[in-house]
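# Summary of the model geometry
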Amino acid sequence: METIHTDVLVIGGGLAGLRAALAARKRGNSVLILSLVPPKRSHSAAAQGGMQASLGNTTKGAGDNEDVHFEDTVRGSDWGNDQEVARLFVHTAPKAVRELASWGVPWNRVQAGEREAIIDNRRVTLSEPEAAHGLITARDFGGTKKWRTCYVSDGTGHAMLYAVSDQTIAEGIPVHERMEAVSLIHDGLRCYGAIVRNLIDGKLVAYIARATCIATGGFGRIYQSTTNAVINEGIGAAIALETGVVPLGNMEAVQFHPTAIFPAGILVTEGCRGDGGLLRDVDGHRFMPDYEPEKKELASRDVVSRRMEAHIRSGKGARNRFGEHLWLDITQLGAQHIDHKLREVKEICHYFLGIDPARQWIPVRPAQHYSMGGIRTNAHGAAYGLSGLFACGEAACWDLHGFNRLGGNSVAETVVSGMIVGDAIADFCTSSGGDMSLSTALLRECADKVRAEFSAIADNHGPENPAALLGAMQAIMTDKVGIVRHGEQLAEAVRELTELAARSRQVGLRTHRPGANPELTLAWRLQKMLKLAICVAHGARQRTESRGAHFRTDFPRRNDAEWLKRTLAYWTDPAQLVPSLHYEALDVRHMELPPGWRGYGARDAIEHPETAHRMAQIETIRAQLATADRHAVQDALMPFRHLLPTHLRGDNARPGEST
Ligand SMILES: Cc1cc2nc3c(=O)[nH]c(=O)nc-3n(C[C@H](O)[C@H](O)[C@H](O)COP(=O)(O)OP(=O)(O)OC[C@H]3O[C@@H](n4cnc5c(N)ncnc54)[C@H](O)[C@@H]3O)c2cc1C
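The shown structure was predicted, so the numbers you read here are calculated from the model rather than taken from an experiment. (Residues numbered from 1 in each chain as written. Predicted model: local features only at pLDDT ≥ 70, side-chain atom pairs only at ≥ 80, totals over all residues. Heavy atoms only, no water.)

Below, the discussion takes up the overall build of the protein. Scanning the protein from N- to C-terminus turns up 18 helices and 21 strands. Whereas a compact globule of 659 residues would reach a radius of gyration of roughly 26 Å, the protein reaches 24 Å, a difference of no more than 12%. Once the C-alpha set of the protein is aligned to its principal axes, its extents read approximately 70 × 60 × 50 Å. Counting over 659 residues, the protein shows a buried share of 61%. Looking at the protein alone, contacts between residues at least 24 apart form 72% of all its contacts between residues at least 6 apart. Computing the positive centroid from 74 side-chain charges and the negative centroid from 76, the protein places the two 2 Å apart. (Helix = DSSP H or I, 4+ residues; strand = E, 2+ residues; numbered from the N terminus. Rg over C-alpha atoms; globule rule 2.2 N^0.38 Å. Buried < 20%, exposed > 50% of the residue type's maximum accessible area, 1.4 Å probe, protein only. Contact = heavy atoms within 4.5 Å. Lys, Arg positive; Asp, Glu negative; His and termini not counted. Charge placed at Lys NZ, Arg CZ, Asp CG, Glu CD.)

What follows is the structure, encoded as structure tokens:
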């Protein structure tokens, strides 16, 4: 078997993988990137709406800073996230935006003077000061207190991905495309790289690395109705799970986006609502203010999606030949605005629906959109369970997002985590942990296991059709493990998925050749996707509360007393039917922002016994430091800077704020 050596192996050529690769390369390591597709075609390119960072350049962003961004992120997560990670993130995001600007990302800019905008269905005039002219601007997005989502019209991910990809090309980092990581090389303690399958000729290659970083994106394709690209099948997370020692975190935390075109599932960005778009029902009534008087269409995604589904169930859905949906109305924004700031939305509507969104309403319904769960890591991106394995981006559970990620926080996470994790990888490579000795026997054993897996599928002449099984899995996930969940349906889902998993080992292929064989690839991936689906369904069944995007009609309250913890799913024995679930408690005693009301949605959480005590402690610290600056107060509440590489520790400069 061909063997390739490198210091750092990055699996995934999206924004997260590319940025981590750059950070490791800049510290002198040899780095190699694997990708299913050319990096510039990774799913990151589809991000339309923007990237959150508290620059505070605009009138509607004035007064924004890390503290406000932090609070929005923690409330958005429904207190499911790691608050230290959230601090690392909000602190680094402004630096990441500026770095991207220096690499040529053409961020939309502040225009001094007056301009018209639509806020809450009213045309208002906003005035930007001369001093801000030409600085990076921001839009209303993600239900944030301040407008902080930086954007490149509605092609933000595209612009970012191209810029970062070009940087990796400039650094001479090789990318091996159409190469799929199919298994990790490990001995249960340390990771030594990956066994990789060439998708064109079917040959296996061993990539041996001192550090391996998985940045393979989300697993949305386990659902029928999803905004995710066809390559988002979660194989990176699955191969980590299959080591038996690396857990996946919060797999039941799956986000549904309110405005996917119905029924195709193509996303129309939240920027539409941020810029003033409205949701309407079958009667043309704007229903969101009835449910969410404060945030209306801009409540967090989990809340808007649930309100939409409930409104449809109350009989107010519009209907076309594919089923029921609601309407997104952006006509009031006018052709000029749509042509300049929502161009992709216009084209999507034109090409896929045959409508002009400046004149007609867009049929929408919530669809799976984002995977909060993934490979569980520490704040430096080191995976639990295996030394030498790291993860970042949507594939990871770093855990910035908890049970609901904010719009615009994900592309920001990719680059920010890439910066931090890439640096931690470089540290690892220079430490004694970065040294390794891999025996040829272990390598042979790992490769033989993969060969056996593929031949078990290719040589099988069973009765099952992999494409039909895939469709069945996706239907179960959408129907029973979707926006609104119930224990009985979840139990049924787990049972049906485990049956499908057994059937997935009885497939019969029509084409048996090893390379360029989509049927073989699908049959192989199906087994992994089913494992992920079972982790989601089983985790959701066991979590008897409602938190963020995980909503149980039989347990509608958030239960901090019993469920302020993260699910860790392990697949220790290949023969087991469901993962072993362990739980990692979130420590209220060290939280900067103890659990409370999110500011939207339900207001009836069951309190954690430590919350009141921690609240009182925080009040005392704040009173003692009443004259100190906000950084000193923050540091006293929950220090985080020591976790950052030195070059990222400095304060961020902002208009009107002294540093
Ligand atoms: C339609 C849409 C719009 C969005 N808009 C926004 C937005 O406006 N703002 C925002 O913050 N977020 C947005 N998001 C979310 C955001 O785009 C993603 O979370 C983010 O881009 C994921 O980046 P990533 O680098 O983690 O993964 P990806 O960009 O998905 O890249 C994954 C990479 O891994 C490779 N890969 C996968 N499996 C393997 C394997 N086994 N072996 C080798 N390579 C592999 C793929 O080829 C790919 O290169 C949007 C998401 C969608 C679906």
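So, on to helix 15 (residues 518-542). Here helix 15 spans 35 Å end to end across 25 residues, near enough to the 36 Å set by a 1.5 Å rise per residue. The largest bend in helix 15 amounts to roughly 25° and is located at Leu526. Counted residue by residue, helix 15 has 21 buried out of 25 residues, so it is predominantly covered. (Expected span 1.5 Å × (residues − 1). Bend = angle between axes of the 7 residues up to and from the residue.)

Now for the site of the ligand. Every one of the 40 residues lining the ligand counts as a neighbour, but Ser42, His43, Ser44, Glu394 and Ser410 are closest to it. Between the ligand and Gly50 there is a distance of 2.9 Å, counted from a nitrogen atom to a backbone nitrogen or oxygen. One of the side-chain N or O atoms of Glu394 is found 2.6 Å from an oxygen atom in the ligand. With the chains in place, 98% of the 1000 Å² that the ligand exposes on its own is no longer accessible. Those elements that place two or more of their residues in the shell around the ligand are helix 1 (15-26), strand 2 (31-35), strand 8 (179-186), strand 16 (362-371) and helix 11 (409-430). Broken down by element, the shell around the ligand gets its largest block of residues, 4 residues, from helix 11. Residue composition of the shell around the ligand, by class: 16 nonpolar, 21 polar and 3 charged. (Near = heavy atom within 4 Å. Polar contact = N/O pair within 3.5 Å; in protein donor to acceptor, adjacent residues only side chain to side chain. Areas by Shrake-Rupley, 256 points an atom, 1.4 Å probe, with all protein chains shown as cover. Nonpolar A, V, L, I, M, F, W, Y, C, P; charged D, E, K, R; others polar.)

A separate point is the layout of surface pockets. Quantified by volume, the second largest pocket comes out at close to 760 Å³. Broken down by secondary-structure element, the contributors of at least two residues to the lining of the second largest pocket are strand 8, helix 5 (235-241), helix 12 (440-458), helix 14 (487-503) and helix 15. Looking at the lining of the second largest pocket, the element that brings in the most residues is helix 12, giving 8 residues. Tallied by class, residues from the lining of the second largest pocket come to 17 nonpolar, 10 polar and 8 charged. (1 Å grid on protein atoms, 1.4 Å probe; cavity = no way out; pocket = protein on both sides within 12 Å on 5 of 7 lines; lining within 4 Å. Points joined across faces, edges and corners; volume = space filled by probe spheres on them.)

This part is about the UniProt feature "domain: FAD-dependent oxidoreductase 2 FAD-binding" (unreviewed entry) in the protein. Residues given the UniProt feature "domain: FAD-dependent oxidoreductase 2 FAD-binding" (unreviewed entry) here are residues 7-411. The span residues 7-411 shows a helical share of 27% and a strand share of 24%, and its end C-alpha atoms are spaced 26 Å apart. (UniProt positions renumbered as here; feature names shortened; annotations may be inferred.)

To continue, consider the UniProt feature "active site" (unreviewed entry) in the protein. This chain's UniProt record puts "active site" (unreviewed entry) on Arg301. Mapped onto the secondary structure, Arg301 falls in helix 8 (residues 301-316). Those residues in contact with Arg301 that sit more than four places away from it in its chain are Phe141, Gln255, Phe256, His257, Pro258, Glu270, His369, Asn404, Arg405 and Gly407.

The next point concerns the packing of aromatic side chains. Summed over the entire model, instances satisfying the criterion amount to 6 aromatic pairs. Taking 5.6 Å as the distance between ring centres and 70° as the angle between the ring planes, the aromatic pair formed by Phe390 and Phe428 counts as edge-to-face. Of this pair, Phe390 sits in strand 18 (residues 389-391) while Phe428 sits in helix 11, and the two are 38 residues apart along the sequence. A relative accessible area of 4% places Phe390 in the buried class. With centroids separated by 5.2 Å and ring planes inclined at 80°, the aromatic side chains of Trp563 and Tyr583 adopt a geometry described as edge-to-face. Remark: Tyr583 occurs in strand 21 (residues 580-585) and Trp563 occurs in helix 16 (residues 560-563); sequence separation between them is 20 residues. With relative accessibility at 9%, the residue Trp563 sits in the buried group. Overall, the relative accessible area of 31% leaves Tyr583 in the partly exposed class. Its guanidinium or amino end placed over the ring of Tyr162, Lys40 lies 5.3 Å from that ring's centre, counting from NZ or CZ. Here the basic side chain of Arg405 rests over the ring of Tyr370, its NZ or CZ set 4.4 Å away from the ring centre. (Phe/Tyr/Trp six-rings, centres within 6.5 Å; stacked < 30°, edge-to-face > 60°. Lys NZ or Arg CZ within 6 Å of the ring centre and 35° of its normal.)

Let us now look at helix 13 (residues 466-480). Relative to the 21 Å expected for 15 residues at 1.5 Å per residue, helix 13 spans 21 Å between its end C-alpha atoms, a close match to the ideal helical length. Looking only at helix 13, the buried set comprises Pro466, Leu469, Leu470, Met473, Gln474, Ile476, Met477 and Lys480. Viewed along the axis of helix 13, the buried residues span an arc of 165°, placing them on a single side of the element. On the buried face of helix 13, the contacting elements are helix 14 and helix 15. Two or three places before Ala467, at the opening of helix 13, Asn465 has a side-chain oxygen 2.8 Å from that residue's backbone nitrogen. (Arc of directions from axis to C-beta.)

The N-to-C vectors of helix 1 and helix 4 (residues 156-170) enclose an angle of 30°; their axes lie 9 Å apart at closest approach. Between helix 1 and helix 4, the interaxial angle falls into the category roughly parallel. As helix 1 runs across helix 4, the sense of the crossing is left-handed. Listed contacts from helix 4 to Leu15, Leu18, Arg19 and Leu22 of helix 1 are Met160, Leu161, Val164, Ser165, Gln167 and Thr168. Tallied by class, residues from the contact of helix 1 with helix 4 come to 6 nonpolar, 3 polar and 1 charged. (Axes fitted to C-alpha atoms, helices over the stretch in contact; angles between N-to-C directions. Parallel < 35°, antiparallel > 145°, perpendicular 65-115°, else oblique. Left-handed = near helix turned anticlockwise from the far one by under 90°.)

Let us now look at the sheet that holds strand 11 (residues 248-249). If you trace the 5 strands from one edge of the open sheet to the other, you get 19-17-11-20-21, paired in mixed fashion. The sheet terminates laterally at strand 19 (396-397) and strand 21, the two strands that pair on one side only. Across 2 bridges, the pairing between strand 11 and strand 20 (residues 565-570) is antiparallel. Looking at the pairing, Gly249 lines up with Leu568 of strand 20. Seen against the sheet, helix 15 touches strand 11, strand 20 and strand 21 and runs at an angle of roughly 60° to strand 21. (Pairing = 2+ DSSP bridges.)

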